[in-house]
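Listed here are the chains, written in short residue letters.
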Amino acid sequence: WLVIDRKVYDVSKFSKHHPGGSRVISHYAGQDATDAFVAFHNDKSLVKKYLKSLLIGELAPDQPSFESNKKKSLLEDFRELRCTIEKMGLLRPNYTFFFLIFLHLLVLDAASWLVVWYFGISLVPFLVGIAFFTIAQIQMGWFQHDLGHCSVFRKPKWNRLLQIVVINLLKGLPASWWNHLHNQHHAKPNCFRKDPDLNMHPLLFSLGKTLSVEVSMGTAGEAKISKTESYRVRVSGLQLAHYNVFSFFSLEKRRRSSCLTIISISISSVTVYILLCDQEEKVVGKH
């Protein structure tokens, strides 16, 4: 059960069919989810049609519609600020801006391969190619982030489609995996056990005194902070492998198909490798 605008809904069965995933909605079990509901759904009139069948009651007049650990005045200020931002039109996307973002990252990505292919594998072209490729990959990450938030197009399906092109085809990571984790992050930001961005131990590291103590207590039986000092950032290749394995085996079967599009990044990498080897053979042949 959760609360939206003082109305109580039973989402026990619906959570399994929730487009954002069952975990993101279950994080609000027994809590007020009004602000998260407003933030996550652009077309609220459409979503409210589904809510009608889930309605089971309403809060008592003396029952507050916010959590006990939240300050009412801050919550009211936040909601007022959001209304002001919406009225000012600051949440409306600039299509020209996003088109230019998409265009320039495609140009940089293509330029990174063309520079190495045309000028060879000497130091300067190689470093220039790396610079182009790195900038393109970073820009792709932020662009797909906006697409994942459905903040570029009005219709979610167009955001999802272009996101798959950017993150799956061009970056080699599954959009379904990213959305699965990032939705939870924004539903419960910085909440341990609920925000996946904090659950980086023991694969990578643990952050903060509270988390470090809890991790060490769970492994050694007593609070030895020195135990957690061994959790350091691992090789990025291992992290990438973790992402892909998680995405294939942890997500629903209907989303596993998206992982197949990641093959494209492997094909492009192999193609570039073949081109570089061909160039090297030509150089050796001349000498």
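Residues numbered from 1 in each chain as written. Predicted model: local features only at pLDDT ≥ 70, side-chain atom pairs only at ≥ 80, totals over all residues. Heavy atoms only, no water.

Taking an unreviewed UniProt entry as the reference, the protein chain is identified by name as FADS1 desaturase belonging to Dromas ardeola.

1. Things to note about the overall build of the protein chain
Stated precisely, the cut-off is as follows: Numbering of helices and strands runs from the N terminus, with a helix taken as a DSSP run of H or I at least four residues long and a strand as a DSSP run of E at least two residues long. Partly exposed residues are those whose accessible area sits between 20% and 50% of the maximum for their type, while under 20% is buried and over 50% is exposed, using a 1.4 Å probe and protein chains only. Working rule for contacts: check all heavy atoms of both residues, and any pair within 4.5 Å makes them a contact. Here the accessible surface of atoms and residues is derived via Shrake-Rupley with a 1.4 Å probe, and residues count as covered only by protein chains that are part of the display.
When helices and strands are counted, the protein chain shows 13 helices and three strands. Of all 287 residues assigned to the protein chain, the portion counted as buried reaches 32%. Contacts spanning at least 24 positions in sequence make up 60% of the contacts within the protein chain whose residues lie at least 6 apart. When the accessible surface of the protein chain is split by element, carbon and sulfur atoms take 64% of a total near 18,800 Å².

2. As for a nonpolar patch on the surface
Convention followed: Only residues above 30% relative accessible area that lack a salt bridge enter a patch, with like-charged residues linked at up to 9 Å and the nonpolar side chains Val, Leu, Ile, Met, Phe, Trp and Tyr linked at up to 5 Å. Salt bridges are counted wherever a side-chain nitrogen of Lys or Arg sits within 4 Å of a carboxyl oxygen of Asp or Glu.
There is a patch of nonpolar side chains on the surface, built from Leu123, Val124, Phe126, Leu127, Val128 and Ile130 and spanning about 550 Å² of accessible area. When you line up the elements, Ile130 lands in helix α6 (residues 123-148). Residue classification places Ile130 among the partly exposed positions, given a relative accessible area of 37%.

3. Quick notes on helix α7 (residues 156-171)
To keep it simple, the criterion reads: For a helix, the expected span equals 1.5 Å multiplied by the number of residues minus one.
Over its 16 residues, α7 extends 21 Å from the first C-alpha to the last, a length consistent with the 22 Å expected when each residue adds 1.5 Å. Gly172 occupies a position one or two residues after α7 and carries a positive phi of about 85°.

4. Regarding the side chain of Ser15
Relative to the elements of secondary structure, Ser15 occurs in the loop between β2 (7-9) and α1 (22-26). A relative accessible area of 12% places Ser15 in the buried class.

5. Focus: the sheet that holds strand β3 (residues 55-58)
Strand pairing within a sheet occurs via backbone hydrogen bonds; the two strands may be parallel or antiparallel. Our working rule: Note: two strands are recorded as paired if DSSP finds a minimum of 2 bridges between them. In this analysis an axis means a line fitted to C-alpha atoms, helices contributing only their contacting stretch, and an angle means the value between N-to-C directions, from 0 to 180 degrees.
Read from one edge to the other, the open sheet built from three strands follows the order β1-β2-β3, with strand pairing classed as antiparallel. The open sheet has two free edges, formed respectively by β1 (2-4) and β3, since each of these has just one partner strand. Between one strand and the next, the sheet's axes are offset by a mean angle of 35°, whatever the strand orientation. Sheet analysis places β1 next to β2, joined by three bridges and oriented antiparallel. Bridge pairing in β2 links Ile4 to Lys7.

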